[in-house]
Amino acid sequence: MSLRLRLLVAVGAIAVIALVLADFATYSALRSSLYKQDDQSLAQSSFRMQRFVTAGTCPSASSSFFGPGGQAGGNPPDGGGGSGDSDAFGNVPFIEVRTTSGAVFNGRECPAYVGTTKYTPQLPSHISGFSTQPDGSQATYFTAGSTQSGGPAFRVQVTKGTLTDLTTGAEQRVLSVVAEPIGATTNTLHTLLLIELAVTAGALVLAIAAGWWLVRLGLRPLADVERTADSIAAGNLDQRVPGADEPTEVGRLARALNVMLERIEAAFSARVASEARLQESDRHLRQFVADASHELRTPIAAVSAYAELFERGAAQHADDLPRVFSGIRSETARMERLVNDLLTLARFDEGLPLQIVPTELVGLTADAVHTAVTVGPQWPVHFTASHPVEVMGDPTRLRQVIDNLLANVRAHTPEGTATTVHVDQVGTTAEIVVKDAGPGMPSDEAARVFERFYRVDASRARSHGGSGLGLSIVAAIVAAHGGTVSAGAVPGQGMTVTVRIPVIAEMVEPDEGVGTAPAAQQGDVGAYDGEGQVGGEGQVNGVSGASGAEDRDANLTETPLP
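Residues numbered from 1 in each chain as written. Predicted model: local features only at pLDDT ≥ 70, side-chain atom pairs only at ≥ 80, totals over all residues. Heavy atoms only, no water.

**Student:** Account for the overall build of the chain, with residues named and values stated.
**Tutor:** For the chain, the count of helices and strands is 9 helices and 16 strands. Looking at the chain residue by residue over its 562 residues, the buried ones come to 37%. In the chain, 61% of the contacts between residues at least 6 apart in sequence involve partners at least 24 apart. Here the chain displays about 30,600 Å² of accessible surface, and carbon together with sulfur accounts for 56% of that area. (Helix = DSSP H or I, 4+ residues; strand = E, 2+ residues; numbered from the N terminus. Buried < 20%, exposed > 50% of the residue type's maximum accessible area, 1.4 Å probe, protein only. Contact = heavy atoms within 4.5 Å. Areas by Shrake-Rupley, 256 points an atom, 1.4 Å probe, with all protein chains shown as cover.)

Below is the structure:
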């Protein structure tokens with residue numbers, strides 16, 4: 001059974017009970033009032049019984065023995081006609097005198113008349129329940145049916161009395177019975193009962209109809225809850241139950257459900273994100289294994305080929321030996337670099353401890369730039385810095401970051417590509433910006449350059465490029481220092497890599513005389529000297545940094561960056 005139907009049944013049951021109780025109370029009150037009036041009428045006719053016992057004759061339907069109108073006060077002086085023994089409705093009461101044993105005394109019994117029809121009440125053989133009346137007599141009142149079929153009901157008064165034999169003086173205890181037909185009372189009560197039944201039925205129908213409307217109105221928010229639940233079951237977890245702001249029971253339910261839905265949505269979103277991360281991690285793991293296998297397969301195959309060549313006769317041909325051994329050394333060195341890179345990444349994944357010390361980035365970067373120009377003089381590098389920048393970090397690992405970024409430029413740009421390296425402090429963050437003027441790449445590929453083994457060249461040709469781990473190591477080292485690294489690129493306009501690392505303290509603002517390092521062409525390198533001076537032509541004076549300072553010969557052209 002639905003909630004709506006249960007509420008409707010409850011409303012109907014309450015309405016029925018209330019109406020029945022009201023009908024019963026009304027019916028009982030009216031019946032008691034009418035019976036009280038009948039009892040008062042019977043009590044006022046006690047003098048009639050006394051005159052009947054004295055006279056010993058029964059009244060007829062048209063007799064006037066008891067006086068006009070059935071009222072106390074005797075018969076008219078002329079003893080003329082009229083209906084003095086009848087009640088206000090033209091009824092003549094039943095009169096009987098019986099002994100205490102229930103027998104009629106000396107045949108003194110007179111039937112009642114309703115119109116001209118005789119009726120007698122159906123009296124019990126033993127009458128009890130007497131009580132003292134206001135006049136001191138012992139009497140009882142009750143209702144009795146008629147002995148004739150279809151006869152009226154009677155209201156009966158039985159009074160205890162004593163008859164005295166005038167001749168002998170003997171006394172006889174008797175019961176005086178007076179019974180009036182109460183057809184009018186019965187008709188009134190019957191009419192009231194019909195009216196109450198009709199009113200009760202109408203009120204019940206109205207109550208059920210109003211209850212149905214009120215139940216539907218009251219349960220409308222629950223219907224909204226049901227629709228929202230169906231929508232959520234269909235997968236729309238962003239749905240919320242309306243009416244949460246209402247200060248009602250349904251409003252409190254809606255608020256509780258909305259809180260639950262928010263938690264479910266958050267948990268489901270977390271689960272989806274976790275599954276996505278697991279899938280992505282699994283994909284990366286598979287790709288990592290495949291890439292590592294691919295990177296190791298080539299040098300292993302090359303070493304195997306050189307070994308096979310040596311077995312087939314290179315040992316007897318002295319001219320082939322240098323080429324064989326050179327190839328083996330080259331491929332083993334390549335495998336060693338790859339394995340070392342993988343080992344470095346694995347250690348950072350496991351939380352490799354760093355040798356954290358105060359590190360001055362300008363001198364450190366100057367050393368890295370000088371080394372890069374020495375290794376690859378075909379790629380000119382411009383280095384600028386406005387003032388010293390000090391961070392808490394591992395000098396060796398930070399130097400590796402700069403070395404890898406510059407090596408990435410040499411590996412993925414053509415000869416002659418100019419690179420700018422700039423070190424600065426922005427607020428509480430140190431920035432190292434490496435910008436090249438190479439061919440660049442799409443932005444979606446630039447966003448993936450820090451993934452392990454990622455290479456723009458999908459064929460993974462060995463003609464150019466590395467293993468795809470250099471920038472992954474950069475990201476791991478920067479993350480271990482609590483910093484971030486990002487890459488931006490535009491096709492045809494080169495790529496910019498920005499490293500941000502927290503500084504240990506605010507640095508003093510640079511003096512007016514601090515300049516920028518010149519561009520290094522064909523091995524030239526500009527280096528900040530730590531005192532606001534740039535080394536003159538033919539040498540680099542006092543290059544300083546956490547990794548050490550040494551003098552290096554170099555040709556400088558003083559060309560500040562635009």
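Okay, back to it.
**Student:** Could you give an account of the sheet that holds strand 16 (residues 495–502), with specific residues and numbers?
**Tutor:** With mixed pairing, the 5 strands of this open sheet are ordered in space as 11-13-14-16-15. Only two strands of the sheet have a single partner each, and these edge strands are strand 11 (381–385) and strand 15 (484–489). Averaged over all pairs of adjacent strands, the angle between their axes in this sheet comes to 15°, without regard to strand direction. Both strand 15 and strand 16 contribute to a ladder of 6 bridges, which runs antiparallel. Across the sheet, the residue bridging to Ser-486 is Thr-498, located in strand 16. Sitting on the sheet, helix 6 (residues 361–375) touches strand 11, strand 13 (419–426) and strand 14 (429–436), and the angle it makes with strand 11 is about 170°. (Pairing = 2+ DSSP bridges. Axes fitted to C-alpha atoms, helices over the stretch in contact; angles between N-to-C directions.)

**Student:** Give a detailed account of the sheet that holds strand 7 (residues 138–144), specifying residues and quantitative values.
**Tutor:** Sheet architecture is open: 6 strands sit in the order 3-2-9-8-7-6, paired in antiparallel fashion. Looking along the sheet, the strands with just one partner apiece sit at the ends: strand 3 (104–110) and strand 6 (131–132). Bridge count for strand 2 (residues 94–99) against strand 3 is 3 bridges, and the pairing is antiparallel. The residue of strand 3 that forms the bridge with Glu-96 is Glu-109. Against the sheet, helix 1 (residues 3–44) makes contact with strand 7, strand 8 (154–164) and strand 9 (171–181), and its axis sits at roughly 25° relative to strand 8, the strand it touches most.

**Student:** Please give an account of the side chain of Asn-404 that cites residues and values.
**Tutor:** Along the chain, the position of Asn-404 falls in helix 7 (residues 395–412). Since its relative accessible area comes to 16%, Asn-404 is described here as buried. Aside from chain neighbours lying at most four places away, what touches Asn-404 is Gly-470, Ile-473 and Val-474.

**Student:** Provide a residue-level description of the pattern of salt bridges, including the pertinent values.
**Tutor:** Under the counting rule described, the total for this entry stands at 5 salt bridges. Of the charged contacts, one joins Glu-96 and Arg-98 as a salt bridge, the two residues approaching to 2.9 Å between their closest N and O atoms. No difference in accessibility class separates Glu-96 from Arg-98, as the two residues are buried. Across the salt bridge formed by Arg-500 and Glu-431, the nearest N and O atoms sit 3.1 Å from each other. One end of the pair, Arg-500, is in strand 16; the other, Glu-431, is in strand 14, and 69 residues separate them in sequence. What makes Arg-500 partly exposed here is its relative accessible area of 32%. Classification of Glu-431 as buried rests on a relative accessible area of 18%. (Salt bridge = Lys/Arg side-chain N within 4 Å of Asp/Glu carboxyl O.)

**Student:** Talk me through the nonpolar core; I want residue IDs and the actual numbers.
**Tutor:** Among the nonpolar cores identified, the biggest contains 40 residues, and Leu-361, Phe-383, Leu-405, Val-423 and Val-499 are the most heavily contacted of them. Every element with two or more residues in this core is listed here: helix 6, strand 11, helix 7, strand 13, strand 14, helix 9 (470–480), strand 15 and strand 16. Per-element tally for this core: the top contributor is helix 6, with 8 residues. With near-sequence residues (within four places) excluded, Leu-361 lies in contact with Val-389, Val-391, Leu-398, Val-423, Ala-430 and Ile-432. The next biggest cluster of nonpolar side chains, apart from the first, holds 14 residues, and it includes Tyr-119, Ile-127, Phe-130 and Phe-154. (Core = buried A, V, L, I, M, F, W, Y, C linked by side-chain atoms within 4.5 Å.)

**Student:** I'd like a rundown of the packing of aromatic side chains, residues and numbers included.
**Tutor:** Note on aromatic pairs: each is described by the distance of the centres and the angle between the planes. In this structure the tally under the stated criterion is 0 aromatic pairs. Residue placement shows Arg-155 over the ring face of Tyr-35; its charged tip is 4.7 Å from the ring centre. (Phe/Tyr/Trp six-rings, centres within 6.5 Å; stacked < 30°, edge-to-face > 60°. Lys NZ or Arg CZ within 6 Å of the ring centre and 35° of its normal.)

**Student:** A description of empty space enclosed by the protein should follow, citing residues and the corresponding values.
**Tutor:** All told, the structure shown has 4 cavities of 30 Å³ or more when counted by the stated rule. A volume near 50 Å³ is recorded for the largest cavity. As for the largest cavity, its lining consists of Ala-372, Gly-376, Trp-379, Val-381, Leu-406, Val-409, Arg-410 and Thr-419. When residues in the lining of the largest cavity are grouped by element, the largest group, 3 residues, is from helix 7. Looking at side-chain class alone, the lining of the largest cavity contains 5 nonpolar, 2 polar and 1 charged residues. (1 Å grid on protein atoms, 1.4 Å probe; cavity = no way out; pocket = protein on both sides within 12 Å on 5 of 7 lines; lining within 4 Å. Points joined across faces, edges and corners; volume = space filled by probe spheres on them. Nonpolar A, V, L, I, M, F, W, Y, C, P; charged D, E, K, R; others polar.)

**Student:** So, the confidence of the model for the chain: which residues are in play, and what are the values?
**Tutor:** Looking at the chain, pLDDT values average 75 and 74% of them are 70 or higher. In the model, residues 64–85 has pLDDT below 50 throughout and makes 56 contacts with residues more than four positions away in sequence or in other chains. In the predicted structure, residues 505–562 sits below a pLDDT of 50 and forms 134 contacts with residues beyond four places in sequence or in another chain. (pLDDT = per-residue confidence, 0-100.)

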